[in-house]
Amino acid sequence: MNIENLVENILDSYEKDGGTNKSGSDSFPNRENVVAMLHDLQLLIFPGFKTAEEVNSDNLKYITGQRVNRIILTLTNEIKKALIYKARLVNEENKVEKSHCFALAEKAALALIEAIPELRKTIKLDVTAAFNGDPAAKSNREVIISYPGLEAIVVYRLAHYLHECGVPVIPRIMTEHVHGKTGIDIHPGAKIGESFFIDHGTGVVIGETTVIGKNVKIYQGVTLGALSVKKSLQDKKRHPTIEDDVTIYANATILGGETIIGKGSTIGGNSWITKSVPAGTMVSK
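1. Thoughts on the packing of aromatic side chains
Now for step 1: Applying the stated rule across the entire model yields three aromatic pairs.
Now for step 2: Judged by centre distance (4.8 Å) and plane angle (90°), the rings of Phe28 and Tyr85 are edge-to-face. Residue Phe28 is located in the loop between helix H1 (3-17) and helix H2 (31-45), and its partner Tyr85 is located in helix H3 (residues 60-90); the two are separated by 57 residues in the primary sequence.
Now for step 3: Judged by its relative accessible area of 33%, Phe28 falls in the partly exposed class.
Now for step 4: Taking 4.9 Å as the distance between ring centres and 20° as the angle between the ring planes, the aromatic pair formed by Tyr219 and Tyr249 counts as stacked. Here Tyr249 lies in the loop between strand S9 (247-248) and strand S10 (253-255) and Tyr219 lies in strand S6 (residues 217-219), a separation of 30 residues in the sequence.
Now for step 5: By relative accessible area, which is 15% here, Tyr219 ends up buried.

2. Side note on a nonpolar patch on the surface
Now for step 1: Together, Met1, Ile3, Leu6, Val7, Ile10, Leu11 and Tyr14 line one region of the surface with nonpolar side chains, adding up to about 720 Å² of accessible area.
Now for step 2: Tracing the chain through its elements places Leu11 in helix H1.
Now for step 3: Judged by its relative accessible area of 44%, Leu11 is partly exposed.

3. Quick look at the nonpolar core
Generally speaking, a soluble globular protein has its nonpolar side chains buried in company with each other.
Now for step 1: Residues Leu75, Ile79, Leu158, Ile170 and Met174 are the most contacted members of the largest nonpolar core, which totals 44 residues.
Now for step 2: When residues of this core are traced back to their parent elements, those giving at least two are H2, H3, helix H4 (98-133), helix H5 (140-146), helix H6 (148-164) and helix H7 (170-182).
Now for step 3: Ranked by the residues each element gives to this core, the list is headed by H4, at 13 residues.
Now for step 4: Apart from residues no more than four positions distant in its own chain, Leu158 is found in contact with Leu38, Leu41, Ile45, Leu112, Ile116, Leu119 and Met174.

4. Comments concerning the sheet that holds strand S7 (residues 223-225)
Now for step 1: Taken in spatial order, the five strands make up an open sheet running S1-S4-S7-S10-S13, and their pairing is parallel. One side of each edge strand has no neighbouring strand; the edge strands of this open sheet are strand S1 (185-186) and strand S13 (272-273).
Now for step 2: Bridge count for strand S4 (residues 205-206) against S7 is two bridges, and the pairing is parallel. The residue of S7 that forms the bridge with Val205 is Thr223.

Here is what the cut-offs are and how they apply
Residues numbered from 1 in each chain as written. Predicted model: local features only at pLDDT ≥ 70, side-chain atom pairs only at ≥ 80, totals over all residues. Heavy atoms only, no water. Phe/Tyr/Trp six-rings, centres within 6.5 Å; stacked < 30°, edge-to-face > 60°. Helix = DSSP H or I, 4+ residues; strand = E, 2+ residues; numbered from the N terminus. Buried < 20%, exposed > 50% of the residue type's maximum accessible area, 1.4 Å probe, protein only. Patch = residues over 30% accessible without salt bridge, like charges linked within 9 Å, V, L, I, M, F, W, Y side chains within 5 Å. Areas by Shrake-Rupley, 256 points an atom, 1.4 Å probe, with all protein chains shown as cover. Salt bridge = Lys/Arg side-chain N within 4 Å of Asp/Glu carboxyl O. Core = buried A, V, L, I, M, F, W, Y, C linked by side-chain atoms within 4.5 Å. Contact = heavy atoms within 4.5 Å. Pairing = 2+ DSSP bridges.

Dropping the structure here:
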């Protein structure tokens, strides 16, 4: 069989089985575009830390302006695609007002940029929590440049903001990208309070309906998951609630939407928990 026939067979599979994402206003969001935009967002949070570009007092305004414009343009376009896709899923007649989707997309993109100063304040508390919680940390700057737990939290907070704005698909692309980099899987729908610290981080899983309070510290391998993964329960609270000032040690598993870990509790490593724990409790395997 010659090359032309091989190509035709592949094209035929595209036609029969789908799975293509052709460019244009009707396409599904493009992962590479979202990841590039996310990189810009991370540099907007911490300028000069994860890029080779030189940042100084003279050029910071120019760099920030360029970055903001690039984010708004890319994010608006990708959110518009996601909104059109979502609208078509629920509209059997396939009639979608694209200009309306563009307006909603632009509004969400601008809202995220407007929220950056407040998000930076919250993230600064996460940095401080990591520095205070890890004796190996020598400075806040070391935490910013090198801690995978913080990177996962930063991306989560950006993605969660978009998720709360009703943006489909894009937040998941963001958190799954950083999941691949860090091994830390935080669903953008989870609700996480300030001063959150993930130490080491590899293998951490935080499910969609998880609620986490303030000043919570978790270690590698922790799972905050669901007792059941039935599709019919997708709109129910399936994941646990972790109240303020809780520490959860390595490889602990806490499951269930009705499970509450009370304020100030400590959960030992390798624990398996499916029932609520009162405040101030020490749980060991």
